[in-house]
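Here is what each chain is made of, one letter per residue.
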Amino acid sequence: MHGILASAVRLWRGPQVLAPDIQREVLRSLWPGARRVSLLSATIGITLLWGVFWLFRHDIGAVLWAVAMYAVQLVRWIAIRSMSAEAMARAPTAEVDRRNVVLAVLFSGVWALPPWMYFPAGDAPFMALMCFFMMGLIQAGVAGVAAYWPVLRVFLLPAPLSLALRLMIEGSWISILLGCSVLVMLVVLIQFSWEQNNLVTQSIINRVENEKLANELRLKLADIERLSGEKTRLFAAANHDLRQPLHTLSLFAAALAVELKDGASLQRLQHMQRAIAALETSFNLMLDISRLDSGVAEPDRVPVALAPVFRALNERYGEKARLKGLSLRFAPTGAWVVGDPVMIDRLLGNLVENAVKYTQAGAIWIGARPRQDGAWLVEVRDSGIGIAPEMQPRVFEEFFQVDNSGRDRERGLGLGLSIVQRLARMMGYTLTLRSAPGRGSCFAVLMPASQPAAVAPPPAQGHPAAVPPLAARLLVLDDEPSVRAGMEILLRQWGCDVVVVGDAAAADAALSAVGPGGSPPFDALLADMRLPGQRDGLQIAQDALARRQAGAALILTGETTPDTLARIQDSFCRFLLKPVDAVQLRATLDELIPPR
C-alpha cells in the first residue's frame, strides 16, 4: 500500500523538478504559439464529435456540451490574446504557471463531460466512436503539453477516467471491454508522456545551458578584446612617454660624439650609445607587438630574394656572433619567395638574434631548402641550450624566456619569438620548431616560392660625417625643452640655421615670416606629433606645406597608436619614430632638402 501511494505521489510530481529559469523556458514553449495550434485542432475535434451525435442521434446533450466547449475555447483564445510572448517573458513564473494550469483544467474538465451528457447507451458503434474522438484528441494534445508536467497531468487524466468509469457503469460486455481498453490506453499514454516529458525538458535544459555558455563566451571574448585593446594602448602610451627622454639622450649623445676628442671619453660615450640602442630595440619590439595586434601593419606580397636578406643579416649579426666565438654561416641560395621584404627581414632577424643569444659555443647555420611542393623551407639552426618539450609551446608567448627566470635585461624582453609567430601568421607562413635540451634548436619557416623579379641596385649610402654641411634653415617644433635643446645643438653642428619653438602659436609666428626673395621661410619643419592645444604636429605641418611656409615637413614622434600612425601614413608626410638615430635623421633630411 505504501509503495502504491509513493508511486502515485511521484506520478503526480512528475519526472523532475525544474529550476526557475528552466521552468520559465518550458512555459514559454507552451505560450502562445503552440497553444494556438492546440486551440484550432481541439475546435475541429469538438465540432466533429457533437455534429455526428446531433446528426445521427439528435441528442440535445451534444448541443449543450458543444456550447460549453466553444465557451471554453473562447476563454482560451482570450487568455492567449491577453498575454503576448514579450509580456509572458516579463510576468512572474507563478502567474504564467497558474494561467496554463487553469486553462488545462477548464478544457479537460469540460472534455470529460460527453459520457455523462450524451452517452450512447446500448449503441456499441457510437460508444466506440465517442472513445475514438475523446482519446484521439487526448493523444494529440499530449504532444503539445508534454514539456510541462503540471499541465500535462491535469490535461491527461480527467477525460479518460471519466470515459472509462461511464463505460464500466454501462455494464455490457462491450462497454466493459471498451472501458478496459481506455484504461490500458491511459497507462500507455502516461508512460509515453513521462518519456516525452523527459526528452522535451532535457532538450530545453540543454538549449538553456548552451545559451548560458554562449553568453558567457561572448562576455569572455569581449573581456579579452577589451584587455587586448588596453594592452595595445598601454604599449603605445609607454612607448610615447619613455621615447621622449630616450630621444633626448640620443640627440645629446650624437652631439657629444662630434665634440669629444679624448679616447677614454669617447669609449664611455660608446657604452652609453650602446645602452641607448638596446633601449631603442626594446621599444621597437613593443611597438611591433602593438602594430601587429592592432592590424595596422599589412604585409605586401611581392617576390623577395633571400640572398640579399641573408647578406644583410650576416652584416648585422656577424660581429656579435664573432665576439661570442660562434660560427655564423649563411648558406648560398638563389631562393625567391612571396612575402613582405621588411617583415621577412624582421622575422629571420629575430630568429638569428635569438640563436646568437642562446648559443654559447658552436655554430649557427641559416639556409633555404627547396621542397617538392615548390615552397622553400628556411631554417635557422643553432647548437645552443635547446628547449625542453614541455617548454616549446611557451617560447612563442610574450615575455617568456627559457632559462632566464631572473629576467636578465642583457638577454632582452622575450618578445622576439612572439613577433616571429605573429609575422609568420600574418604572411601565411608555417612556423615549426624542433629542439632538444643540450642539442640546440631548429626553427623552420615554410614560405611559398616565387619567380625571380628584376631588382634595382641599392643606392649608395654615405655617413653623415662624410658629407658636407647641410646649410639649411630649419624650424623645430617640440613641447619638450630638453628635446628642443638637443635638436638645436645637433642641427647647428650640421651647419643648419635653427629656430626652435614649443607650441603651435610660436610655430605660426615663425612660419608667417617671409623668406628672402619670397621663398618659404624654412627649408623644412621638424614637428613633434603630440603638442599642447587643439592642433597636433601633423596638422601644423600640413598647414605650413599648404601655405608654402616650409619646403618640406618631417614628423618626429613617440606616438605609436595605430590610429595616429595611420593618419601620418595617409598624409604622405615623412616621419621618424623617436628615439631618432642621428644617421637616420641626417639621411632623411638629405632626402627632403634639395642641395643648394
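This text goes with the structure placed above it.
Residues numbered from 1 in each chain as written. Predicted model: local features only at pLDDT ≥ 70, side-chain atom pairs only at ≥ 80, totals over all residues. Heavy atoms only, no water.

Student: Explain the sheet that holds strand β7 (residues 440-447) to me, and be specific about the residues and the numbers.
Tutor: With mixed pairing, the 5 strands of this open sheet are ordered in space as β2-β4-β5-β7-β6. Each edge of the open sheet carries a strand with a single partner, namely β2 (327-330) and β6 (430-436). Averaged over all pairs of adjacent strands, the angle between strand axes in this sheet comes to 15 degrees, irrespective of strand direction. Relative to β7, β6 runs antiparallel, the two being bridged by 7 bridges. Across the sheet, the residue bridging to Thr430 is Leu446, located in β7. The sheet strands contacting helix α13 (residues 306-323) are β2, β4 (363-370) and β5 (376-382), and the helix crosses β2 at an angle near 175 degrees. This element, helix α14 (residues 341-358), spans β2, β4, β5 and β7 of the sheet and lies at about 170 degrees to β7. (Pairing = 2+ DSSP bridges. Helix = DSSP H or I, 4+ residues; strand = E, 2+ residues; numbered from the N terminus. Axes fitted to C-alpha atoms, helices over the stretch in contact; angles between N-to-C directions. Contact = heavy atoms within 4.5 Å.)

Student: Would you mind going over the environment of Met185 in detail, with residue names and values included?
Tutor: Inspection of the secondary structure puts Met185 in helix α11 (residues 173-259). Met185 gets classed as partly exposed once you look at its relative accessible area, which sits at 31%. Remark: the alpha-carbon pair of Met185 and Gln139, spanning 46 residues in sequence, is separated by 9.5 Å. Leaving out residues up to four positions away in the same chain, Met185 has contacts with Met135 and Gln139. (Buried < 20%, exposed > 50% of the residue type's maximum accessible area, 1.4 Å probe, protein only.)

Student: Help me get a handle on the pattern of salt bridges, residues and values and all.
Tutor: One pass over the structure, following the stated rule, counts 16 salt bridges. Across the salt bridge formed by Arg322 and Glu319, the nearest N and O atoms sit 2.4 Å from each other. Of this pair, Arg322 and Glu319 both sit in helix α13, 3 residues apart, which is roughly one turn of the helix. A residue is classified by how much of its surface remains accessible, and Arg322, at 51% relative accessible area, is exposed. The exposure class of Glu319 is partly exposed, given its relative accessible area of 42%. When the shortest N-O distance is used, the salt bridge between Glu379 and Arg434 registers 3.9 Å. Within this pair, whereas Glu379 is found in strand β5, its partner Arg434 is found in strand β6, the two being separated by 55 residues in sequence. The network of salt bridges with shared partners includes Arg369, Glu379, Arg381 and Arg434. (Salt bridge = Lys/Arg side-chain N within 4 Å of Asp/Glu carboxyl O.)

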